[in-house]
Each structure stands twice: as structure tokens, then as C-alpha cells.
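Inside the fold
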Amino acid sequence: MDKELLSQINSTRKEIEELREKIDKINNKPAKIVIDSVKGSSASYPYISHNCVIEGLDNKKIIANKKSRNKYKKQIKNKEFKLMKLITNLEYELNNIEDSEIRRIIRHKYEDNLNWVQVMFRMNYNNPEAARMKLNRFLEKK
């Protein structure tokens, strides 16, 4: 466990949320309606020609879009799976830290995304350097 990996926790969780929103957006995207006009005539004499507007869904485009959307969704889900695996590994490592104080500092700083002054108040330290120094010493030992 190092600072770079810890600093990615919050960003990784946000990225997972964004990927899930992207999948929802893909799932809720409506099919496009195709509009065209054709020439027709009346059914009875004097057979006057006129333009008729027709609209509908283009099945070929729908099928092609569905295939490409499914492929794209699969890529997004694979990325989401990898990120969730990373988060799980970080949580596992974090839970294996025996010192509760260090775990709390890490959670406040990297999961809750607090600055050192906010961590100081949460942990009831006298200055913001106390938490930072404790964490630095812990990470140097690892």
C-alpha cells in the first residue's frame, strides 16, 4: 500500500459511478425515427398525385446500433469490474492494518477526501501535521 494507490480510491469510486451512469444512458437511449416522403396518388379517378410523409424505425440501423452498443457496454462493464477489483483489494489491505488510528486517518484522508486540517479535527489532534506524520511513518515502514 502506498500513497499513489491510496490517492486513487476516491477517484476510482467516482469513475465507477460515471461508468454506471454511462451504461444507464446507453440503455435509455431512444431509437431514432426515420422520416421520408413518397409520391402517391388517390385511389380513384382522377388519380391526382401527391406527396405522402412516412415515418418509422430503420431495423437495419437498430440492429447495428444494438450490436455496437452491446459491445461498448461490455467494454464499460469490464472496466468497471477491474476498478471494483482494485477497490476490493484496497479494502482488503486496509482492513489488514492492525492500527485503528491509521485506518481512520486513511479513510478520512483518501476515502472521504478530507484535507489535513479536517482530518485533524475529526481525529482530535492538536495540529494537522500529526495525522500526516503518523501516516507517513506508517507508509515508510511498509
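Below: a short report on this structure. Computed from a prediction, not measured in an experiment: that's the story for all the values here. Throughout this description, residue numbers start from 1 for each chain and increase along the sequence as written. This being a predicted model, a pLDDT of at least 70 is required before a residue's local features are given, and a value of 80 or more before pairs of side-chain atoms are given or counted; all residues contribute to the totals for chains, interfaces and linings. Side-chain descriptors were evaluated using all non-hydrogen atoms of the structure, hydrogens and water having been removed beforehand.

1. Concerning the pattern of salt bridges
For this document, the term salt bridge refers to a Lys or Arg side-chain nitrogen within 4 Å of an Asp or Glu carboxyl oxygen. Scanning the entire structure with this criterion turns up eight salt bridges. Residue E111 pairs with R13 through a salt bridge whose shortest N-O separation is 3.7 Å. Taken as a pair, E111 in helix 3 (residues 100-111) and R13 in helix 1 (residues 3-27) lie far apart in primary sequence, 98 residues in all. Ionic pairing is found between R20 and E80, a salt bridge with its closest N-O pair at 2.5 Å. Here E80 lies in helix 2 (residues 59-95) and R20 lies in helix 1, a separation of 60 residues in the sequence. Salt bridges here are not isolated pairs; linked through shared partners, they connect R13, E91, R107 and E111. Strands are runs of DSSP state E lasting at least 2 residues, helices are runs of H or I lasting at least 4, and numbering of each runs from the N terminus.

2. Description of the environment of E98
In this fold, E98 is placed in the loop between helix 2 and helix 3. Three exposure classes are used, based on accessible area relative to the maximum for each residue type with a 1.4 Å probe and protein chains only: buried under 20%, partly exposed in between, and exposed over 50%. For E98, a relative accessible area of 78% corresponds to the exposed category.

3. Considerations on the nonpolar core
By convention a nonpolar core is built from buried Ala, Val, Leu, Ile, Met, Phe, Trp, Tyr and Cys residues, the set being connected through side-chain atoms within 4.5 Å. With 26 residues, the main nonpolar core has I105, I106 and L135 as its most contacted residues. Counting only elements with at least two residues in this core, the list comes to helix 1, helix 2, helix 3, helix 4 (116-123) and helix 5 (128-141). With six residues, helix 1 is the single largest residue contributor to this core.

4. Examining the side chain of T12
Mapped onto the fold, T12 is located in helix 1. Setting aside its immediate chain neighbours within four residues, T12 contacts L83, L86 and I87. Residues are treated as being in contact if the distance between any of their heavy atoms lies within 4.5 Å.

5. Remarks on unusual backbone geometry
In this structure, P46 follows Y45 across a cis peptide bond, with omega equal to 25°. With respect to the secondary-structure elements, P46 resides in the loop between strand 1 (33-41) and strand 2 (49-57). Positive phi is not limited to glycine here, since Y47 has a value of about 45°. Mapping Y47 onto the fold places it in the loop between strand 1 and strand 2. The backbone of N113 shows a phi angle near 60°, a positive value even though the residue is not glycine. Take N113: it is sitting in the loop between helix 3 and helix 4.

6. What to know about helix 5
Given a helix with a known number of residues, its expected span is that number minus one, times 1.5 Å. The end-to-end C-alpha separation of helix 5 is 21 Å, in line with the 20 Å expected for 14 residues at 1.5 Å each. Looking at helix 5, one finds that the buried residues are A131, L135, N136, F138 and L139. Buried residues of helix 5, viewed axially, fall in a sector of 165°; they line one side. Across from the buried face of helix 5, at angles greater than 90 degrees, the exposed residues are E140 and K141. Residues of helix 5 that are buried make contact with helix 1, helix 3 and helix 4. Read the arc as the range of directions from the helix axis to the C-beta atoms.

Shape is all these values report; function is a separate question.
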